[in-house]
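# Architecture and fold: a report
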Amino acid sequence: MNFEPKWIAWETTRRCNLKCVHCRSSSELDVVAHPDFSLQEAKQIIDKITSYAKPVLVLSGGEPLLREDIFDIAQYGTDQGLRMCLATNGTLVTDEVCLKIKKTNIRMVSLSLDGATAATHDDFRNQKGAFTGTMHAIELFQKYDIPFLVNSSFTVRNRHEIPDIYRLVKEKGATAWYMFMIVPTGRGEEIMEELIPVDVYDEILEWHYQTEKNEDALLMRPTCAPHYYRIVRQKAQEEGETFTRRNLQFSTGGSKGCLAGQLICLIDVDGEVLPCSYFPKSAGNIKTESFQHIWEDAPLFKELRDFKNYKGSCGCCEYVNVCGGCRARAYAMTGDYLAEEPFCSYTPKKMR
Ligand code: SF4
Ligand code: SF4
């Protein structure tokens, strides 16, 4: 595997107008300890990235649209040759925002939708009106012909709406739908008891496999459910089918289940470079070190790229190269990021 940075999420602010139950950064409207960086600092960070690589750069948060200079940052990134994307909760999207998205050549906008009804989505997002806001944003993206993808997170609270959300996202003309398997970090730690149990996850992932197989318009892939890559191989073999995977657009996924610190990373609002958005351990700080040095030399990244180091069932699994287990979930639940994926039911051949 060639470990190049292909996709970087950038926490451009930790401020947010919502308080979602699963938020990885525990965002709120006032985040005193982690202030926004200046436009000048943002440009320096982009320069450090582009002097080494040309990844997709996702302007994320918190809620990035709370930053008044977010489109100045987007424009600078586009001018430096980066493919810029925007991840928003959708509630602040207006006609003016859409015009700026077009003008700054943002390639893809991602939205979150965690319920097929206002009751479920607003409950998950802790805000009345959030569903209406997201639907309004989708209407505006359709009006301005802005490509968008939808991310959905599930716990036992909203999992019964998975097929309905899929249908809704498809009907609304999204480019892609990524079903996200929650990692209990940040505010997500508080919903540990709401996590979907392992056997139910298997059922959901099998449902996803059957649905994806018959889907030829909407791109779909569970995000951060790395063992889905195992399930796809097993199912395709059982059914004697060849399953042609379509190219995902502007997603973290594609070649392997978990890509943390291998093809992707997160830069947080303080400049810390983390393996992914849900992995609260820094490999280095981009304000004080070069991005190249962090990416190539950080011991944390080297460990994550050496699959021989993985422990438990992941360590002896024949699927480790295509899956790898979620390192962040292993870390959140055991304190050891090299431990086995806690949500995989598979017993590798070597352990039988
Ligand atoms: S460690 Fe890997 S699978 Fe887990 S959240 Fe991060 S990128 Fe996703
Ligand atoms: S044991 Fe680990 S590497 Fe193997 S399929 Fe499960 S999560 Fe993936």
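What you see as residue numbers is a count from 1 along each chain, following the sequence as written. Lettering of chains starts at A and numbering of ligands starts at 1, both following the order in which they are written. Only residues with pLDDT of 70 or above have their local features reported here, since the model is predicted, and side-chain atom pairs are shown and tallied only from 80 upward, although totals for entire chains, interfaces and linings are computed over all residues.

## Overview of the pairing of strand β6 (residues 176-181)
Partly exposed residues are those whose C-beta has more than 12 but fewer than 20 other C-beta atoms within 10 Å; with 20 or more the residue is buried, with 12 or fewer it is exposed, and the C-beta atoms are placed from the backbone. Strands are runs of DSSP state E lasting at least two residues, helices are runs of H or I lasting at least four, and both sets are numbered from the N terminus onward. The element β6 is largely enclosed, with a buried count of five among its six residues. By the bridge criterion, six bridges tie strand β5 (residues 148-154) to β6 in an arrangement that is parallel. Bridged to Asn 151 within β6 is Tyr 178. Orient the strands so they point away from the viewer, and a crossover whose first-strand-to-second-strand path over the helix runs clockwise is right-handed. Regarding topology, helix α6 (residues 162-171) serves as the crossover connection from β5 to the parallel β6, and that connection is right-handed. Pairing between strands is defined by DSSP: at least two bridges between them are needed. Bridge count between β6 and strand β7 (residues 219-223): five bridges; the pairing is parallel. From the neighbouring strand, Met 179 faces β7, where its bridge partner is Pro 222.

## A few points about the site of ligand 2
We count a residue as near a molecule or strand when its backbone-placed C-beta atom lies within 6 Å of that partner. Ligand 2 sits among 16 residues. The nearest are Cys 314, Cys 317, Cys 323, Gly 325 and Cys 344. Any residue outside Ala, Val, Leu, Ile, Met, Phe, Trp, Tyr, Cys, Pro, Asp, Glu, Lys and Arg is labelled polar, Gly included; the first ten of those are nonpolar and the last four are charged. Of the residues that constitute the shell around ligand 2, the class distribution is nine nonpolar, four polar and three charged.

## Topic: the site of ligand 1
As a matter of local geometry, ligand 1 sits amid 13 residues, with Cys 224, Cys 258, Cys 276, Cys 326 and Ala 328 nearest to it. The residue makeup of the shell around ligand 1, split by class, is 11 nonpolar, no polar and two charged.

## Side note on helix α4 (residues 118-125)
What α4 keeps buried is the set His 121, Asp 122, Phe 124 and Arg 125. End-on view of α4: buried residues confined to an arc of 160°, all on one side of the axis. A residue pair is marked as a contact if its C-beta atoms, positioned from the backbone, fall within 7 Å. Each element contacted by the buried residues of α4 is listed here: α5 (130-143). The positive-phi residue at the C-terminal boundary of α4 is Asn 126, with phi of around 60°. The directions from the helix axis to the C-beta atoms are what the arc is built from.

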